[in-house]
Amino acid sequence: MQRLKTRAQYEAAMAGGTVSRTPHFVLHRAPLEARPEAARPEPAPGRQAKGLHVLFAVRDEPWIGAIVPKRWAKRAVTRNGIKRQIYNVSADFATRLPAAAHVVRLRMDFARAQFPSAWSDALHDSVRGELLQLFEQARR
């Protein structure tokens, strides 16, 4: 499994649309293309399309990225823990996911009243449970 690194990769994956969603997370998926057809510059007559930027060099395995905004997870410990769980759960599903670009996005905060600690066992279990649900829905 490859990780998304550039903004262009994230934007391409997010443009693909929503595959599955849980109360706190959403999974976006897009096929692996160099660029959308409309965004590709046409080479001048008699010239080859030289220097086109290929977003996804490896095309035979899934790519994964995580977006955990400060708006929904204020503390860095919480954001890092959620990202770690996203990458761990996605690694478990790597063989069952199609070769495409995937982005898991946190879309709602975990209630601080219910999870007062920045990264408690209860929060860890809740995040992992939802991510398992998210990837299981996407697999179907």
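An account of the accompanying structure is given in this report. (Residues numbered from 1 in each chain as written. Predicted model: local features only at pLDDT ≥ 70, side-chain atom pairs only at ≥ 80, totals over all residues. Heavy atoms only, no water.)

**Let's talk about the overall build of the protein chain**
At step 1: Along its length, the protein chain carries three helices and five strands.
At step 2: Taken from N to C terminus, the helices and strands of the protein chain fall in the order β-α-β-β-β-α-β-α.
At step 3: Every one of the 140 residues in the protein chain was classed for burial, and the buried ones make up 37%.
At step 4: Restricting to contacts in the protein chain with at least 6 residues of sequence separation, those with at least 24 account for 76%.
At step 5: Just so you have it, the protein chain exposes about 8,200 Å², and 50% of that area is on carbon and sulfur atoms. (Helix = DSSP H or I, 4+ residues; strand = E, 2+ residues; numbered from the N terminus. Buried < 20%, exposed > 50% of the residue type's maximum accessible area, 1.4 Å probe, protein only. Contact = heavy atoms within 4.5 Å. Areas by Shrake-Rupley, 256 points an atom, 1.4 Å probe, with all protein chains shown as cover.)

**Remarks on the packing of helix 2 (residues 76-92) against helix 3 (residues 121-139)**
At step 1: Running from amino to carboxyl end, helix 2 crosses helix 3 at an angle of 40°, the nearest separation of the two axes being 10 Å. Here helix 2 is positioned oblique relative to helix 3, judged by the angle of their axes. For the pair helix 2 and helix 3, the sense of crossing is right-handed. Packed against helix 2, whose contacting residues are Thr 78, Ile 82, Gln 85, Ile 86, Asn 88, Val 89, Ser 90 and Asp 92, the element helix 3 presents Leu 123, His 124, Val 127, Arg 128, Leu 131, Leu 132 and Phe 135 at the interface.
At step 2: Here the residues of the contact of helix 2 with helix 3 sort into eight nonpolar, five polar and two charged. (Axes fitted to C-alpha atoms, helices over the stretch in contact; angles between N-to-C directions. Parallel < 35°, antiparallel > 145°, perpendicular 65-115°, else oblique. Left-handed = near helix turned anticlockwise from the far one by under 90°. Nonpolar A, V, L, I, M, F, W, Y, C, P; charged D, E, K, R; others polar.)

**Here's the deal with the sheet that holds strand 1 (residues 2-3)**
At step 1: Read across the open sheet, the five strands follow the order 1-4-5-3-2; overall the sheet is mixed. Of all strands in the sheet, those bounded by a partner on one side alone are strand 1 and strand 2 (18-21).
At step 2: Sheet topology places strand 1 next to strand 4 (residues 63-67); two bridges connect them, and they run parallel. Looking across to strand 4, one finds that Arg 3 is bridged to Ile 64.
At step 3: Set on the sheet, helix 3 makes contact with strand 2, strand 3 (25-31), strand 4 and strand 5 (100-106); between it and strand 3 the angle comes to about 35°. (Pairing = 2+ DSSP bridges.)

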